[in-house]
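Fold and contact review
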Amino acid sequence: MAKKIKTIGVLTSGGDAPGMNAAVRAVVRTSITEGIRVKGIMRGFAGLLDEEIKEMDSFSVADIINRGGTILYTARCKAFMEESVQRQAAEICRKHEIDGLVVIGGDGSFRGARSLARLGINTIGIPGTIDLDIACTDYTIGFDTAINTAIDAIDKIRDTSTSHERVSIVEVMGRHAGYIALWCGIASGAEEILLPEYYDHDEQRIIDKIIEHRKKGKRHHIIINAEGIGHSVSMAARIEAATGIETRATILGHMQRGGMPSCKDRVYASIMGAKAAHLLKEGKSERIIAYQHGEFIDYDIEDALAMEKSLPEEYVAISRGLIRF
Ligand code: ATP
């Protein structure tokens, strides 16, 4: 028989992402609507171990749907990899009568959630990361806001870059995954998109292209570089030395994580938060909420973690075709 959940805990873990607050709000309000108590766990698994746990009511999530970051704060907690620590955490959940848990974060956070589920705490994961690098889903909370924040900055850099007839390298987030770089590269009309998955370290090709574009009369040259490739400042110095064209690097950094979540992030995060609360109410555990082919669905956590994801080759090929000049 399905376990009847009386109290749901909710936490955010790993990197923060705009829209996490909308998900937290939806978990809290939906649970209360369903007659389930909710407790907010501060600072991810670290806060769970420190028993930073507070009762939530509808009012405690008022005025947050439009705010970036996460009101629950977030953290990384290395110690949580250890089984003895996970047992301790499960005991803390029981002590605080938390029998269902919603974990909003990335793959690492889902692994933490799975370990608690194996120790008797029903858990549901919600994909929250600006990097879009969770295999089971086409949507992750925060990606839409992050790319719109980045594109706003890139458009501004492009204005000044054109005025000064410069080459500009703009470094966007994405340590392992090039989704932000690819989307921003296409959307900004960049002349070059450097993706961690495809980068061949051939700077001479980049330099030759800049020179060729100048000869053809192009007055600016925007290079979108992913964080995973990095070295934008030294790359700019080498390009300037080789081409004689002023070249500047801008690293957008953490600004991409912040700011008001987009409408899409607010709505999708709200739906995911509500679905997580409903799944727990139905007695489900070890599920990950996902969005695929226009539908919100859920996967077994084991299956979800075993899936692999790579940048769609077709999009990469199309992006290359668009920047021919
Ligand atoms: P992001 O995509 O933003 O990096 P993430 O959830 O993948 O998010 P991680 O730092 O990998 O971020 O994981 C967050 C936390 O989840 C870790 O600090 C740790 O507490 C917990 N965690 C990660 N991997 C495991 C694991 N294998 N077992 C138990 N807990 C884990």
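Here, the structure is the one placed above.
Residues numbered from 1 in each chain as written. Predicted model: local features only at pLDDT ≥ 70, side-chain atom pairs only at ≥ 80, totals over all residues. Heavy atoms only, no water.

Quick notes on the overall build of the protein chain
- In terms of helices and strands, the protein chain carries 11 helices and 11 strands.
- For 325 residues, the compact-globule formula gives about 20 Å, and the C-alpha radius of gyration of the protein chain, at 22 Å, lands near that figure.
- Structurally, the protein chain occupies a C-alpha span of about 70 × 35 × 35 Å along its principal axes.
- For the protein chain, the residues scored as buried account for 56% of the 325 residues in total.
- The contacts in the protein chain between residues at least 6 apart in sequence include a share of 74% that link residues at least 24 apart.
- Looking at the protein chain as shown, the accessible area adds up to about 14400 Å², and 50% of this sits on carbon and sulfur atoms. (Helix = DSSP H or I, 4+ residues; strand = E, 2+ residues; numbered from the N terminus. Rg over C-alpha atoms; globule rule 2.2 N^0.38 Å. Buried < 20%, exposed > 50% of the residue type's maximum accessible area, 1.4 Å probe, protein only. Contact = heavy atoms within 4.5 Å. Areas by Shrake-Rupley, 256 points an atom, 1.4 Å probe, with all protein chains shown as cover.)

Thoughts on helix H4 (residues 107–118)
- The end-to-end C-alpha separation of H4 is 17 Å, in line with the 16 Å expected for 12 residues at 1.5 Å each.
- Along H4, the residues that are buried comprise Ser109, Phe110, Gly112, Ala113, Arg114, Ser115, Leu116 and Ala117.
- On its buried side, H4 packs onto helix H2 (44–49), helix H3 (83–95), strand E4 (100–105), strand E5 (122–127), strand E10 (287–292) and helix H10 (301–306).
- Note on H4: the residue one or two positions beyond its end, Gly120, has a positive phi of about 100°. (Expected span 1.5 Å × (residues − 1).)

Things to note about the sheet that holds strand E8 (residues 221–226)
- If you trace the 4 strands from one edge of the open sheet to the other, you get E7-E8-E6-E9, paired in parallel fashion. Edge positions in the sheet fall to strand E7 (192–194) and strand E9 (247–251), since each has one partner strand and no second. On average, each strand axis in the sheet is inclined to that of its neighbour by 15°, with strand direction left out of account.
- By the bridge criterion, 6 bridges tie strand E6 (residues 167–172) to E8 in an arrangement that is parallel. Residue pairing for E8: Val170 is matched across the bridge by Ile224.
- The strands that helix H5 (residues 143–163) touches are E6, E8 and E9; relative to E6, the one it contacts most, it runs at about 170°.
- Packed onto the sheet, helix H8 (residues 232–243) meets E6, E7, E8 and E9 and runs at close to 170° relative to E9. (Pairing = 2+ DSSP bridges. Axes fitted to C-alpha atoms, helices over the stretch in contact; angles between N-to-C directions.)

Let's talk about the site of the ligand
- Lining the immediate environment of the ligand, one finds 16 residues, of which Gly15, Arg76, Cys77, Gly106 and Ser109 sit closest.
- Interatomic distance of 2.9 Å between a backbone N/O atom of Gly106 and an oxygen atom of the ligand.
- For the ligand, the accessible surface in isolation is 620 Å², of which the surrounding protein chains cover 80%.
- Its residues placed into classes, the shell around the ligand shows 4 nonpolar, 9 polar and 3 charged. (Near = heavy atom within 4 Å. Polar contact = N/O pair within 3.5 Å; in protein donor to acceptor, adjacent residues only side chain to side chain. Nonpolar A, V, L, I, M, F, W, Y, C, P; charged D, E, K, R; others polar.)

Notes on the packing of aromatic side chains
- According to the stated counting rule, one finds 6 aromatic pairs in the structure shown.
- Ring centres 4.8 Å apart and planes at 65° place the aromatic pair Tyr139 and Tyr268 in the edge-to-face group. With Tyr139 in the loop between E5 and H5 and Tyr268 in helix H9 (residues 263–281), the pair connects residues that are 129 residues apart, well separated along the chain. Both residues of the pair, Tyr139 and Tyr268, belong to the buried class.
- When the centroid spacing of 5.2 Å and the interplanar angle of 80° are considered together, the rings of Tyr268 and Phe296 count as edge-to-face. One end of the pair, Tyr268, is in helix H9; the other, Phe296, is in strand E11 (residues 295–300), with 28 residues separating them in the sequence.
- Chaining the aromatic ring pairs together yields one cluster made of Tyr139, Tyr268, Tyr291 and Phe296.
- The ring of Tyr179 carries Lys309 above its face, with NZ or CZ at 5.1 Å from the centroid. (Phe/Tyr/Trp six-rings, centres within 6.5 Å; stacked < 30°, edge-to-face > 60°. Lys NZ or Arg CZ within 6 Å of the ring centre and 35° of its normal.)

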